[in-house]
Amino acid sequence: MLLQVSNISKSYGVSAILSHISMQVLERERIGLVGVNGAGKSTLLKIIAGEMSADSGDIHKAKELKLGYLAQNSGLQSERTIIEEMRAVFSHLIEAEQELRDLEVKIADPELHANEKKYAEVLDRYAHRSDWFREQGGFEINTRINSVLHGMGFGSFNLDTIISTLSGGQKTRLALARILLQAPDLLMLDEPTNYLDIETLTWLESYLRGYPGAIVVVSHDRYFLDALVDTIIEIERHSAKRYTGNYTRYLELKTAEYEIHLKHYEKQQEEIERMEQFIQRNIVRASTTKRAQSRRKSLDKMERMDRPAGELKKAHFSFEIERMTGKDVLSVDHLSVVFPGGDKPLFHNVKFDLTRGETVALIGPNGIGKSTLLKTLVGQLEPTTGTIQFGSHVKLGYYDQEHTRLNGQNTILEEVWGLYPHMEEARIRTVLGNFLFSGEDVLKRISSLSGGEKARVSLAKLMLAQANVLVLDEPTNHLDLFSKEVLESALLDYEGTLFFISHDRYFLNKMSDRIVELGPNGVEHFLGNYDEMLEKKREIEDARLEAIAAAQSKNQKLNETANAVPATSYEAEKQAKRDERNRQRKSEQLEAEIASLEEQIGELEQQLADPEVFNNYIRIQELQAEIDQLKAKLAVTYEQWEQYM
C-alpha cells in the first residue's frame, strides 16, 4: 500500500466539502476520481499533496514515497529554456555524469598510476558510480526527454525557447511533461487532458498505461477514463465510494447497486406496512393483544433502511428552433486565413458543405486553426481568400470556449436577461434554474464563477436564442461528466444543424455523423464517428503497407528467380506437410481452450442466477468481473483460432 487516507473532512465555513473520506492506493493501481463540479475532488488531491490542510482525519504514506501532484491548469512558470527545464529533472544524474568525466580524467593521469592505492580507490569509485548511473537510467536521459516532449506536442519545437514566452496551454503541457519525467511512485493528476489535442491524448493514455507507478487522476474525459483506470472512486454528497473497473463499468455497477438497494428498501417497507396493519387490527382484541404487542416490539427493534439516494440534481434543457433552414445550410470554398503581419496562411484550401440536420465535427491538432475557422464562419474574422455562403433562413448560434462574450461585471441574471430584455424575469429565472442556478445563485457575478458555471451560463444564452444552426467550440470543456450527458441528450434531440469542435472522443463518437479533419493544406472528410474514422485510417494505412510489401515481395522473387537455385519439389512438399501438421495441432489446442473457457463462463453465469447470489451484491461484482475477464480471454482465443482456419 502506497497511501492510506482515513476519515478526511474539510469544510469552508458552514459548507461541508468532504466528510469522513477514506481511500487507499496500492502499487501500480490506476484510480479515476469522479464527481460533479464542486464535489471536492481537487480539494482532496490538494490535501493529500500537502498543499491544503484537512479539518480532521489522517493520511499515511509509505516510507520514502515519492509523490507527484499536478494541479488543474497549472502551467509551468520558468525563465529557463524548455530543454534546460527538462534536464533539470535529472540534475542528480547530470551531476553524477560530470563526476564520471572528472574521474576519467584522473584515471588517465600518469601521476595517479604511481600511487597504486589511490589509483585503486579511483577505479573502485568509478566502477561504483558507473553502475549506479546505469541503473538509474543515466544513459537514457536524452531519449526519455525527447520521447516525452514529442508525445506532448513539442517534437518540432525549438527546445531553446524560453518557457515564459509560451502560451498558457503550452505551459500546461510542459508542466505535465516535467512531472512524467520525474516519474514519482504516486502520480496525482487533476484534469490532465485539458488543452490536449486528440493525438497528444492518445499518446498520454498509452504512456500512462505503461507507467510503473500508481496513478490517481481526476478527469471528465470518459474515453480517457475507460482506457486508463481500473478503479473508480466517486465523491458524492461529501463522501467517497470505491468501484472496481473503468468508468463504463462504474456506471453499470452504480445502477445495479441502486436497483438492489431500492428493492431491499421496498421489500422492508412492505414488511413494515404488513406489521403495522396486523398491530392495528389486533391490538384491541384481548385474544391477540400479546401477539400484537410482540409484533410492535419487533417493529421498534427493526433497523430501518433509508431510501437509497437517487441521482443528484442535473441541469435540464433543450435546444429549440424558430424555423427550419433550407436544405443547403453552408458552403465553404477555398477558404484561407492569414493573420495580420503573418507571411503564410494558418490554413488554406478549406472546402466543405453542411446540409440541414447534419451533425459534423471539426478536428485537428492544437494550433492548426480550428477556433479561427469557426470565428471566420460566424463573422468575427475576415477570410483572406475563399467564400462562405449560408443557405436560406439560417439563424446562427455560436458557443465560444473562452466565454469572451460574457461580461464579468454582470450578475448571472443580468447577463442572460440583458440579451433577452423582452422576456419576463420569472421566465429567465426558470431557465437559469434548469441550468442549476436557483435562488440567490442568479445574483453571483460572472467574474466569480468557475469554468463549469460559465459554461452553463453560455449554454443558457444559447438555448434561448432558438438558433437553427449551432456552431460550438469545445462545448464539453469545463463540464463535469453528468453535465456532459445532459448536453449530449439535448443536442441529440436538436432538430437543427450542428457544427462543432471537440477533443472529447466519447462526445465525438456519440454525436458526429461526419468528421472534417483540418490540416495546413485543407481538410479530409470521414463519414461516421471518431472510432469509424480511426478504422478507415487504419484500412488506408494497411492498404499502403500491403502495397509496399507486395512490391518488395515481387522484386525479391524476381531476384531469387534470377540468382537462386530453386528448392526441389520434394523438399517444398515436405515443408508444406510439416506446416500443415503444426497448424492442425495449434488449431486443436485452441479449440480445447475455447471449450474450457465457454464451460467456465457458463458455470459462473449459472451462479448469477442463484437467488442466494442475486441478493449478495459483492458476490455479483466478483462473479461479473471473473466473467468479463474470461470473455475477454475467449475473444482473443477465438481470434487466434480463426488465423489457423
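The structure this text deals with has already been given above.
For the structure given in this document, a descriptive report is provided here. (Residues numbered from 1 in each chain as written. Predicted model: local features only at pLDDT ≥ 70, side-chain atom pairs only at ≥ 80, totals over all residues. Heavy atoms only, no water.)

## Some points on the overall build of the protein chain
Here comes step 1: For the protein chain, the helix and strand inventory stands at 21 helices and 18 strands.
Here comes step 2: By its C-alpha atoms, the protein chain is 110 × 70 × 70 Å across when sized along the principal axes.
Here comes step 3: Relative to its 645 residues, the protein chain shows a buried fraction of 41%.
Here comes step 4: Restricting to contacts in the protein chain with at least 6 residues of sequence separation, those with at least 24 account for 69%.
Here comes step 5: Summing over all exposed atoms, the protein chain offers an accessible surface of approximately 35200 Å²; the carbon and sulfur share of this is 48%.
Here comes step 6: A gap of 4 Å separates the mean positions of the 79 positive and 100 negative side-chain charges of the protein chain. (Helix = DSSP H or I, 4+ residues; strand = E, 2+ residues; numbered from the N terminus. Buried < 20%, exposed > 50% of the residue type's maximum accessible area, 1.4 Å probe, protein only. Contact = heavy atoms within 4.5 Å. Areas by Shrake-Rupley, 256 points an atom, 1.4 Å probe, with all protein chains shown as cover. Lys, Arg positive; Asp, Glu negative; His and termini not counted. Charge placed at Lys NZ, Arg CZ, Asp CG, Glu CD.)

## Quick notes on the pairing of strand β12 (residues 359-363)
Consecutive residues of a regular strand have side chains that alternate between opposite faces of the sheet.
Here comes step 1: For β12, the buried fraction is high: 5 of the 5 residues fall into the buried class.
Here comes step 2: Side-chain alternation along β12 places T359, A361 and I363 on one buried face and V360 and L362 on a second face that is also buried.
Here comes step 3: With 4 bridges joining them, β12 and strand β16 (residues 497-501) adopt parallel strand pairing. Bridging across to β16, A361 finds its partner in F500.
Here comes step 4: Here β12 pairs with strand β17 (residues 514-519) via 4 bridges, running parallel. Opposite A361, over in β17, you have I515 as the bridge partner. (Pairing = 2+ DSSP bridges.)

## Regarding the packing of aromatic side chains
Here comes step 1: Taken as a whole and assessed by the stated rule, the structure comprises 9 aromatic pairs.
Here comes step 2: Aromatic pair F154 and F157: ring centres 5.1 Å apart, planes at 75 degrees, arrangement edge-to-face.
Here comes step 3: A cation over a ring is seen here: R129 above W132, with NZ or CZ 4.8 Å from the ring centre.
Here comes step 4: Sitting over the face of the ring of F437, R456 holds its NZ or CZ atom 4.7 Å from the ring centroid. (Phe/Tyr/Trp six-rings, centres within 6.5 Å; stacked < 30°, edge-to-face > 60°. Lys NZ or Arg CZ within 6 Å of the ring centre and 35° of its normal.)

## Some remarks on the sheet that holds strand β11 (residues 347-355)
Pairing between sheet strands relies on hydrogen bonds along the backbone, with the strands arranged either parallel or antiparallel.
Here comes step 1: The 3 strands lie next to each other as β11-β10-β13, forming an open sheet whose pairing is antiparallel. Whereas interior strands pair on both sides, the edge strands pair on one side only; in this sheet they are β11 and β13 (385-390). The sheet shows a mean angle of 10 degrees between the axes of neighbouring strands, taken without regard to direction.
Here comes step 2: Both strand β10 (residues 328-337) and β11 contribute to a ladder of 6 bridges, which runs antiparallel. Across the sheet, the residue bridging to L330 is L354, located in β11.
Here comes step 3: Strands in contact with helix α12 (residues 370-377) are β10, β11 and β13; relative to β10, the strand with the most contacts, it is inclined by about 125 degrees. (Axes fitted to C-alpha atoms, helices over the stretch in contact; angles between N-to-C directions.)

## Examining helix α3 (residues 91-107)
Here comes step 1: Counted at 1.5 Å a residue, the expected span for α3 with its 17 residues is 24 Å, and the 24 Å between its end C-alpha atoms agrees.
Here comes step 2: Within the span of α3, buried status applies to L93, A96, L100, L103 and I107. Seen from one end, α3 has its buried residues packed into an arc of 70 degrees, which puts them on one side. In α3, the exposed positions that point more than 90 degrees away from the buried face belong to E95 and V105. (Expected span 1.5 Å × (residues − 1). Arc of directions from axis to C-beta.)

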